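Chain by chain, the residues run as shown.
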Amino acid sequence: MKRKSGNIGLVVADGQLRAVQMVDGKVVASAVSIDDNFKKSVRQLLSSAPFVGKQVRVGLEGKSVLIESLTVPPGSKSARAICTDRLKGDPVFNAEKATMGFSAESAVSGTRATPGPSLVVMAAIDKQRLTDVVAVCREMQLDVEAVECGTLSAWRAWPGEGLHVRLIRSGDGDMILAGRDEKLLFARIVPSPVSGPELKATISRALGAIGGSDLDVLETVSVDEDDRKVYAESIGIRVDVAPAACDDCIGLGLATDGRALVDFTPPEERVMRQKRKVRKYGVTMTAAAALIVVLAGVTGSRKAGDLETKKSDLQNQLTILAVAKVELANLQAELDKEKANEKVINLAYPGHRMSTLFSIIANHAAGSIMIESIHIADEEKAILDKDAVVDPNEPVARNLDVRIHGIAADNLAVRKFADDLLVTQAFSNVQVEASERVLIGVGTEGERFRIYARAETR
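Being a predicted model, the structure only gives us computed values, none of them experimental. (Residues numbered from 1 in each chain as written. Predicted model: local features only at pLDDT ≥ 70, side-chain atom pairs only at ≥ 80, totals over all residues. Heavy atoms only, no water.)

## Observations regarding the packing of helix α5 (residues 196-210) against helix α6 (residues 225-235)
Two numbers describe how α5 lies on α6: the axes approach to 9 Å, and their chain directions differ by 55 degrees. In terms of orientation, α5 and α6 fall into the oblique class. At the point where α5 passes α6, the crossing takes the right-handed sense. Residues G196, L199, K200 and I203 of α5 form the contact with α6, whose own contacting residues are Y231, S234 and I235. Here the contact of α5 with α6 is built from residues that sort into four nonpolar, two polar and one charged. (Axes fitted to C-alpha atoms, helices over the stretch in contact; angles between N-to-C directions. Helix = DSSP H or I, 4+ residues; strand = E, 2+ residues; numbered from the N terminus. Parallel < 35°, antiparallel > 145°, perpendicular 65-115°, else oblique. Left-handed = near helix turned anticlockwise from the far one by under 90°. Contact = heavy atoms within 4.5 Å. Nonpolar A, V, L, I, M, F, W, Y, C, P; charged D, E, K, R; others polar.)

Shown next, in the form of structure tokens:
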């Protein structure tokens with residue numbers, strides 16, 4: 001009987017490897033130390049518990065990872081520019097040594113979206129560490145679904161409603177995470193167990209950035225009872241154990257289905273994933289051809305007693321061959337399609353096709369949204385390296401600055417429209433620039449809005 005299993009959450013920490021997987025509704029977990037042979041350590045980890053399959057989501061934590069929460073004031077630089085400026089001159093996480101990613105969300109005050117500041121969770125991973133980990137996964141023929149910062153993936157370990165803050169203790173450090181519902185909006189890593197006053201200041205900062213009111217309870221993971229009492233006295237609220245506490249909530253978050261807040265999967269690994277699908281179709285075609293040969297052999301080996309029986313057998317064989325040829329043609333068409341997709345990947349990533357931009361906006365404008373105008377500024381990306389040689393046959397990377405003007409039934413409809421656009425992943429940033437209540441008819445009010453979005457295409 002086939003066992004029902006999800007992805008293996010593979011956590012790569014300083015000096016330790018951990019893995020978590022949900023198999024038949026139960027948690028399977030294991031941990032080993034990392035020795036000089038990293039590949040050997042991964043093999044030892046995956047064989048130390050009954051893990052199923054080879055689909056993994058990798059999460060890195062420790063000294064090779066930097067996470068910061070930033071606020072982008074209205075009218076200032078873009079979130080990407082602010083994150084890039086923050087890492088300039090950093091001895092460990094500059095552009096040459098690290099890969100940077102970020103997630104931006106509009107700030108929320110009460111139930112109304114402010115027109116300005118955005119909350120940005122920035123993450124950076126050491127390039128060499130990332131390359132080494134992905135290379136070992138590839139050598140072991142592991143299907144890497146995503147590469148994340150372990151701290152951020154811990155948010156998916158259990159669901160939450162409304163505004164909630166979590167304190168997660170992993171190894172020698174603490175992680176303070178805050179957000180609304182399933183959205184992570186604030187993250188901070190403390191290299192050693194956080195003190196009471198520092199925890200209180202961090203929670204105040206998080207609530208101020210998110211625009212939340214007083215907090216009722218702080219959820220904790222791997223924090224003992226004595227420390228919880230100290231924290232409760234320092235911050236003046238109830239401190240409880242998380243409802244779905246796990247010894248390794250980072251691994252559990254990776255093993256839980258959900259969209260990565262910041263995905264560091266290298267483009268070449270995405271291409272490898274498509275090639276694996278092509279090989280899968282090739283195996284299916286080979287099996288179909290073998291089946292035809294076996295059926296033909298069985299039919300030919302029979303000794304018919306009369307000509308009518310022989311004629312019937314031959315007609316059946318021809319029918320089977322005709323059906324197999326049709327299936328073979330369909331599989332060949334799928335194979336050609338997957339090969340064509342490999343060429344499209346480099347052209348389409350990380351943006352989207354220009355021809356679909358307007359349809360994406362139109363499809364997510366619900367009945368309570370009326371779009372008045374859309375302005376698009378199409379700009380070629382600046383080449384940072386002036387001595388770089390540009391291939392004229394390669395597609396040119398471009399930035400599309402999109403401003404959408406319109407009228408909605410209320411502010412909640414505006415927020416939902418902006419969130420829906422960001423979820424499509426066609427835009428790297430979506431934020432509400434302006435939103436005000438206006439009179440649009442006799443006795444009829446509406447919300448006039450202006451949304452800014454940025455897309456990256458080629």
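## A word on the pattern of salt bridges
This model, assessed by the stated rule, comprises 24 salt bridges. The residue D248 makes a salt bridge to R18 at a minimum N-O spacing of 2.8 Å. Note that D248 is positioned in the loop between β13 (238-241) and α7 (249-255) and R18 in strand β2 (residues 16-23), a separation of 230 residues in sequence. A single burial state applies to D248 and to R18, both of which are buried. The residue D419 makes a salt bridge to K183 at a minimum N-O spacing of 3.2 Å. With D419 in helix α11 (residues 411-423) and K183 in strand β11 (residues 183-190), the pair connects residues that are 236 residues apart, well separated along the chain. Here the residues in one salt-bridge network are E105, K183, R415 and D419, joined through shared partners. (Salt bridge = Lys/Arg side-chain N within 4 Å of Asp/Glu carboxyl O. Buried < 20%, exposed > 50% of the residue type's maximum accessible area, 1.4 Å probe, protein only.)

## Looking at the environment of V20
In this structure, V20 sits in strand β2. For V20, a relative accessible area of 0% puts it in the buried group. With 10 residues separating them along the chain, V20 and S30 place their C-alpha atoms 6.8 Å apart. Residues in contact with V20, not counting those within four places in the same chain, are N7, I8, G9, V27, V28, A29, F51, D248, G251, L252 and A255.

## Examining helix α2 (residues 79-87)
Looking at α2, one finds that the buried residues are A79, I82, C83 and L87. For α2, the angular spread of buried residues about the axis comes to 130 degrees, placing them on one side. A positive backbone phi angle near 85 degrees is found at G89, which sits one or two residues after α2. (Arc of directions from axis to C-beta.)

## Focus: the packing of aromatic side chains
If you walk through the whole model with that rule in mind, you get one aromatic pair. When the centroid spacing of 6.3 Å and the interplanar angle of 70 degrees are considered together, the rings of F417 and F449 count as edge-to-face. Placement of F417 in helix α11 and of F449 in strand β17 (residues 444-457) is noted, with a sequence separation of 32 residues between them. Here F417 falls in the buried class, since its relative accessible area comes to 2%. Here F449 falls in the buried class, since its relative accessible area comes to 2%. The ring centre of F38 lies 5.7 Å from the NZ or CZ of R129, which sits over that ring. Residue placement shows R166 over the ring face of W155; its charged tip is 4.2 Å from the ring centre. (Phe/Tyr/Trp six-rings, centres within 6.5 Å; stacked < 30°, edge-to-face > 60°. Lys NZ or Arg CZ within 6 Å of the ring centre and 35° of its normal.)

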